[in-house]
Amino acid sequence: MLTVVAFVVALAVLIAVHEYGHYRVAVACGVKVLRFSLGFGRPLLRWKKKGADTEFVISAIPLGGYVRMLDEREAPVPAHERHLAFNVQPLRSRAAIVAAGPLANLLLAVLLYACVNWVGVREPAAIIGTPPAASLLAQAGMQGGEEIVSMGFPDADPEAVRSLDDLRWFVAQAALGGKDVVLSARPGAGAAERSYRLPLSSIDAREADAKLVEKIGLTHPWSDAVLGDFEAGSAAAQSALRSGDKVLSINGVRVGDGGELRRMIRASGEQGVPALQDWLVSRNGAQLHVPVQLTQSEDKGSKIGRLGAFIGAPPAMVDVRYGLWEGFARGVQKTWEVSALTVKMMAKMVIGQASLQNISGPLTIAEYAGKSAEVGITQYLAFLALISVSLGVLNLLPLPVLDGGHLMYYLWEAVTGKPPTLQWMERLQKGGIAVLLLMMCIAFFNDLSRLLG
């Protein structure tokens, strides 16, 4: 239920802000607005302020909205109202009205990110969990447990790292841009800082997918390999393990932290039924050898080992909060960075340098809306900001059915002194619809693959 409510609220807010941008600038430019609609199809609720020209409507299909303006191309306009029609406005006014929707979404993102910065959010500390053996962090010499103090490019001044999420965002952008990164870290409490260079330029841009973080090694924050509650009848419950045991090694192989323990358990199912294992655990200050027989299950077509216990102590957390001006400035910066990253990713997908699996549809958006709302208000606001940026950038794409397509027409008009011919506009409109339908099909297919896989 929370997922549905969070998704509906997200849609309503983002669509309302987008359409309000069009509406507000249209009114400011002297254009008569006939209808402001949230949703398409049959009107469910409608109202009009006394003495106003605009009818406000909430319609049955909530996947979008529109602002209908007085326009001679759509219906006859009385002579005394012709100056209020959209189509007779100067080019700069028409362009401003069309661009106002996407820009409203980007402005909303700035304010939402600023609110998150002002309210503050509790995030995992920048302490690296044990990285996978093949990851860049492991190849750079990190073993897990290092606290990252600063990050930067080799030829630039480093900046302080506030949290693991802060580090992940910086590294993901650097990887997509093909830039190497230098991290300064303390291997342990009281230890001297050490520099580690991550050769992110060695990552193929086509690998910039959902598994990018795993390839780099930033899979999870550091947490002790402590066992929590057991499932009834599970391998953990049937062994001599106890809740609170700290796992030190399995079959003589050292266990770094909770994340590595989970990886070792899963990997044990690859060769068939997991064999009896010798676990060395720490319990009440003593070290004990415990035989453990894992069970096997299937996950996304692969055989994995299962223990049936909660693994890992809660990671160290930090409060990330900014002052009034710095919080707003960082909101602007984050909106710009997310916008640039979105455009860069779209361009790479078009030329085949990034996977089309990065396109998400309404099912995935709804899922993440629910998950972020469950975590807390700041996470939900950050989710809204991210989707608002995506909506703003998407609508600025030069596709004829989108706002960016109309801006493309106006650019042509500004250069040539006349608008495109009706024949050309019809052809471009059909092409734009085909591209948009293709994107929707890919997004829907990716949603189903994620949910069913």
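Residues numbered from 1 in each chain as written. Predicted model: local features only at pLDDT ≥ 70, side-chain atom pairs only at ≥ 80, totals over all residues. Heavy atoms only, no water.

(A) Quick peek at the overall build of the protein chain. Tallying secondary structure elements over the protein chain gives twelve helices and 16 strands in all. Looking at the protein chain as a whole, 42% of its 453 residues qualify as buried. A fraction of 62% describes how many contacts in the protein chain between residues 6 or more apart in sequence connect residues 24 or more apart. Carbon and sulfur atoms make up 61% of the accessible area of the protein chain, which amounts to about 24000 Å² in all. (Helix = DSSP H or I, 4+ residues; strand = E, 2+ residues; numbered from the N terminus. Buried < 20%, exposed > 50% of the residue type's maximum accessible area, 1.4 Å probe, protein only. Contact = heavy atoms within 4.5 Å. Areas by Shrake-Rupley, 256 points an atom, 1.4 Å probe, with all protein chains shown as cover.)

(B) Region of the structure containing the pattern of salt bridges. Taken as a whole and assessed by the stated rule, the structure comprises 16 salt bridges. The salt bridge partner of Arg-46 is Glu-55, with a shortest N-O separation of 3.1 Å. Assessed through its relative accessible area of 46%, Arg-46 is described here as partly exposed. On the basis of relative accessible area, Glu-55 is assigned to the buried category, the value being 17%. Where Arg-306 meets Glu-231, a salt bridge forms, and the shortest distance between an N and an O atom there is 3.4 Å. (Salt bridge = Lys/Arg side-chain N within 4 Å of Asp/Glu carboxyl O.)

(C) Structural view of the sheet that holds strand β11 (residues 277–283). The antiparallel open sheet is built from four strands, whose spatial order is β10-β9-β11-β12. Two strands in the sheet have a free side with no partner beyond their single neighbour: β10 (253–254) and β12 (286–292). (Pairing = 2+ DSSP bridges.)

(D) Broad picture of the nonpolar core. The biggest cluster of nonpolar side chains holds 24 residues, and the ones touching the most others in it are Ile-148, Leu-167, Leu-183, Leu-200 and Ile-216. With six residues, the top contributor of residues to this core is helix α4 (residues 164–176). (Core = buried A, V, L, I, M, F, W, Y, C linked by side-chain atoms within 4.5 Å.)

(E) Geometry of the layout of surface pockets. Considering only enclosed or pocket space, the second largest pocket measures out at about 170 Å³ in volume. Lining the second largest pocket, in full, are Phe-7, Val-8, Leu-11, Ala-12, Ile-15, Leu-38, Gly-39, Ile-58, Ser-59, Pro-62 and Gly-64. Of all the secondary-structure elements, those providing two or more residues to the lining of the second largest pocket are α1 (2–28), β1 (33–47) and β2 (55–69). Its residues assigned to classes, the lining of the second largest pocket comprises eight nonpolar, three polar and no charged. (1 Å grid on protein atoms, 1.4 Å probe; cavity = no way out; pocket = protein on both sides within 12 Å on 5 of 7 lines; lining within 4 Å. Points joined across faces, edges and corners; volume = space filled by probe spheres on them. Nonpolar A, V, L, I, M, F, W, Y, C, P; charged D, E, K, R; others polar.)

(F) Just helix α10 (residues 377–395), in detail. Under the 1.5 Å per step criterion, the end-to-end length of α10 is 27 Å for 19 residues, consistent within 8% with the ideal 27 Å. Along α10, the positions that sit buried rather than exposed are Thr-378, Tyr-380, Leu-381, Phe-383, Leu-384, Ala-385, Ile-387, Ser-388, Val-389, Gly-392, Val-393 and Asn-395. (Expected span 1.5 Å × (residues − 1).)

(G) Geometry of the packing of helix α2 (residues 91–119) against helix α11 (residues 403–416). In the contact formed by α2 and α11, the axes pass within 9 Å of each other and the chain directions differ by 160°. Classified by the angle between their axes, α2 and α11 sit roughly antiparallel to one another. Every pair of crossing elements has a handedness; the one defined by α2 and α11 is left-handed. The residues of α11 that touch α2, namely those facing Leu-91, Arg-94, Ala-95, Val-98, Ala-99 and Pro-102, are Asp-403, His-406, Leu-407, Tyr-410, Glu-413 and Ala-414. The class makeup of the residues in the contact of α2 with α11 is eight nonpolar, one polar and three charged. (Axes fitted to C-alpha atoms, helices over the stretch in contact; angles between N-to-C directions. Parallel < 35°, antiparallel > 145°, perpendicular 65-115°, else oblique. Left-handed = near helix turned anticlockwise from the far one by under 90°.)

(H) A look at unusual backbone geometry. The phi dihedral of Asn-251 is positive, around 50°, even though this residue is not glycine. Considering the arrangement of structural elements, one finds Asn-251 in the loop between β9 (246–250) and β10.

(I) Geometry of the pairing of β9. The pairing of β9 with β11 spans four bridges and is antiparallel. Within the sheet, the bridge partner assigned to Ile-250 lies in β11 and is Trp-279. By the bridge criterion, two bridges tie β9 to β10 in an arrangement that is antiparallel. Counterpart to Ile-250 in the pairing with β10 is Val-253.

(J) Main features of a nonpolar patch on the surface. Where nonpolar side chains cluster on the molecular surface, the patch consists of Leu-107, Leu-111, Trp-118, Val-119, Leu-324, Trp-325, Phe-328 and Val-332 and spans about 820 Å² of accessible area. Broken down by secondary-structure element, the contributors of at least two residues to the nonpolar patch are α2 and α8 (324–350). Note on Trp-325: relative accessible area 64%, which makes it exposed. (Patch = residues over 30% accessible without salt bridge, like charges linked within 9 Å, V, L, I, M, F, W, Y side chains within 5 Å.)

(K) Representation of the sheet that holds strand β7 (residues 194–198) in the model. Strand order in this open sheet of four strands is β5-β4-β6-β7, and the pairing throughout is antiparallel. Among the strands making up the open sheet, the edge pair consists of β5 (159–160) and β7. Note that strand β4 (residues 147–152) and β5 share two bridges and pair antiparallel. Each residue of the ladder has a partner; that of Met-151, found in β5, is Glu-159. Sitting on the sheet, α4 touches β4, β5 and β6 (181–186), and the angle it makes with β4 is about 35°.

(L) Seen up close, the side chain of Asp-166. On the secondary structure map, Asp-166 appears in helix α4. Buried within the structure, Asp-166 lacks any salt-bridge partner; Arg-330 is the closest side chain of opposite charge, at an N-O distance of 5.4 Å. Those residues in contact with Asp-166, other than ones at most four positions away along the chain, are Met-151, Ala-160 and Val-161. (Lys, Arg positive; Asp, Glu negative; His and termini not counted.)

(M) Summary view of α11. The first and last C-alpha atoms of α11 sit 20 Å apart over 14 residues, in line with the 20 Å expected at 1.5 Å per residue. All of the buried residues along α11 are Asp-403, Gly-404, Gly-405, Tyr-409, Tyr-410 and Glu-413. A positive phi of about 85° marks Gly-417, the residue just after α11.

(N) Region of interest: the environment of Ala-175. Tracing the sequence through the fold places Ala-175 in helix α4. Among all residues touching Ala-175, those that are not within four sequence positions of it are Leu-200, Leu-212 and Ile-216.

(O) Representation of the UniProt feature "transmembrane region" (unreviewed entry) in the protein chain. Per the UniProt record, the feature "transmembrane region" (unreviewed entry) sits at residues 95–116, 380–402 and 431–448. Across residues 95–116 one finds 100% helix and 0% strand; the C-alpha atoms that close the span lie 32 Å apart. (UniProt positions renumbered as here; feature names shortened; annotations may be inferred.)

(P) Geometry of the packing of aromatic side chains. Enumeration according to the criterion identifies nine aromatic pairs in this entry. Taken together, a centroid distance of 6.0 Å and an interplanar angle of 15° make the contact between Phe-40 and Tyr-66 stacked. Here Phe-40 is found in strand β1, whereas its partner Tyr-66 is found in strand β2, with 26 residues between them in sequence. Taking the relative accessible area as the measure of exposure, Phe-40 reaches 33% and is therefore partly exposed. Aromatic pair Trp-47 and Phe-56: ring centres 6.0 Å apart, planes at 15°, arrangement stacked. Judged by its relative accessible area of 41%, Trp-47 falls in the partly exposed class. Judged by relative accessible area, Phe-56 falls into the buried class, the value being 15%. Counting every residue linked through ring pairs, the aromatic cluster contains Tyr-20, Tyr-23, Phe-36, Trp-47 and Phe-56. Across the ring face of Phe-153, the terminal group of Lys-179 is positioned such that the distance to the ring centre comes to 5.0 Å. A cation over an aromatic ring shows up here: Lys-334 above the ring of Trp-169, its NZ or CZ 5.0 Å from the ring centre. (Phe/Tyr/Trp six-rings, centres within 6.5 Å; stacked < 30°, edge-to-face > 60°. Lys NZ or Arg CZ within 6 Å of the ring centre and 35° of its normal.)

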